[in-house]
Amino acid sequence: MLTPKQTVDGIKSELPTLVAVAVVETETGMPLASHANIADFDIETAAAYNTEVVKSKLKAIQALKLNQTLQDILLTLTDQLHLLKLSPTGDKFIYLAVNSKDTNLAQARQIMKAHSASLN
């Protein structure tokens, strides 16, 4: 099992061109560890709003009585991709923002999947 900081460091080393990455507590929206390559990127605000996205999707799955587990969410912006990947227990998620021109989506998803599996 890895700590949130080890998870952030691992993703950062595999995707050095990322915009930002954080491990966020699903209940509170607080980043447990984070890193941004852009000085004015407000990771705490991003974590809080993305927590609402995760919670809304979890509520929708429950309301629709889907027998499904939320694995990840992809948000496509003009020139960025934002990925939200839940930990196996769902109590944390990894938030990753990358430039869509610099990053292969499949590669980013694989890296997130590998790191979320060992997140404690």
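One can find the structure itself at the top, above this paragraph.
Conventions adopted
Residues numbered from 1 in each chain as written. Predicted model: local features only at pLDDT ≥ 70, side-chain atom pairs only at ≥ 80, totals over all residues. Heavy atoms only, no water. Helix = DSSP H or I, 4+ residues; strand = E, 2+ residues; numbered from the N terminus. Buried < 20%, exposed > 50% of the residue type's maximum accessible area, 1.4 Å probe, protein only. Contact = heavy atoms within 4.5 Å. Areas by Shrake-Rupley, 256 points an atom, 1.4 Å probe, with all protein chains shown as cover. Lys, Arg positive; Asp, Glu negative; His and termini not counted. Charge placed at Lys NZ, Arg CZ, Asp CG, Glu CD. Salt bridge = Lys/Arg side-chain N within 4 Å of Asp/Glu carboxyl O. Pairing = 2+ DSSP bridges.

Describing the overall build of the protein chain
So, step 1. Looking only at helices and strands, the protein chain features three helices and five strands.
So, step 2. Helices (α) and strands (β) of the protein chain occur, in sequence order from the N terminus, as α-β-β-α-β-β-β-α.
So, step 3. With respect to the three principal axes, the spread of C-alpha positions in the protein chain is 40 × 35 × 25 Å.
So, step 4. For the protein chain, with 120 residues in total, the buried portion stands at 40%.
So, step 5. Within the protein chain, contacts between residues separated by at least 24 positions form 50% of all contacts whose residues are at least 6 apart in sequence.
So, step 6. Only carbon and sulfur atoms are counted for the fraction: they give 52% of the accessible area of the protein chain, which is about 6800 Å².
So, step 7. A distance of 8 Å separates the average location of the 11 positive side-chain charges in the protein chain from that of its 12 negative side-chain charges.

Things to note about the pattern of salt bridges
Pairing of side chains with opposite charge becomes possible as their charged atoms draw close.
So, step 1. According to the stated counting rule, one finds four salt bridges in the structure shown.
So, step 2. For Asp-9, the salt bridge goes to Lys-5, with nearest N and O atoms at 2.9 Å. Here Asp-9 and its partner Lys-5 are both found in helix H1 (residues 4-14), four residues apart, which amounts to about one turn of the helix.
So, step 3. Relative accessible area serves as the criterion here: at 52%, Lys-5 is assigned to the exposed category.

Here's the deal with the pairing of strand E4 (residues 80-86)
So, step 1. In terms of residue burial, E4 counts as a mostly covered element, since seven of its seven residues are buried.
So, step 2. Here E4 shows no split at all, with Gln-80, His-82, Leu-84 and Leu-86 on one side and Leu-81, Leu-83 and Lys-85 on the other all buried.
So, step 3. Of the strand pairs in this sheet, strand E3 (residues 72-76) and E4 are connected by five bridges, and their pairing is antiparallel. By the bridge assignment for E4, Thr-76 is matched with Leu-81.
So, step 4. Hairpin connection between E3 and E4: a loop of three residues separates the two successive antiparallel strands.
So, step 5. In this structure, E4 lies alongside strand E5 (residues 92-99), joined through seven bridges in antiparallel fashion. Opposite Leu-81, over in E5, you have Val-98 as the bridge partner.
So, step 6. Remark: five residues form the turn of the hairpin made by E4 and E5, two consecutive strands paired antiparallel; Gly-90 in that turn has positive phi of roughly 80 degrees.

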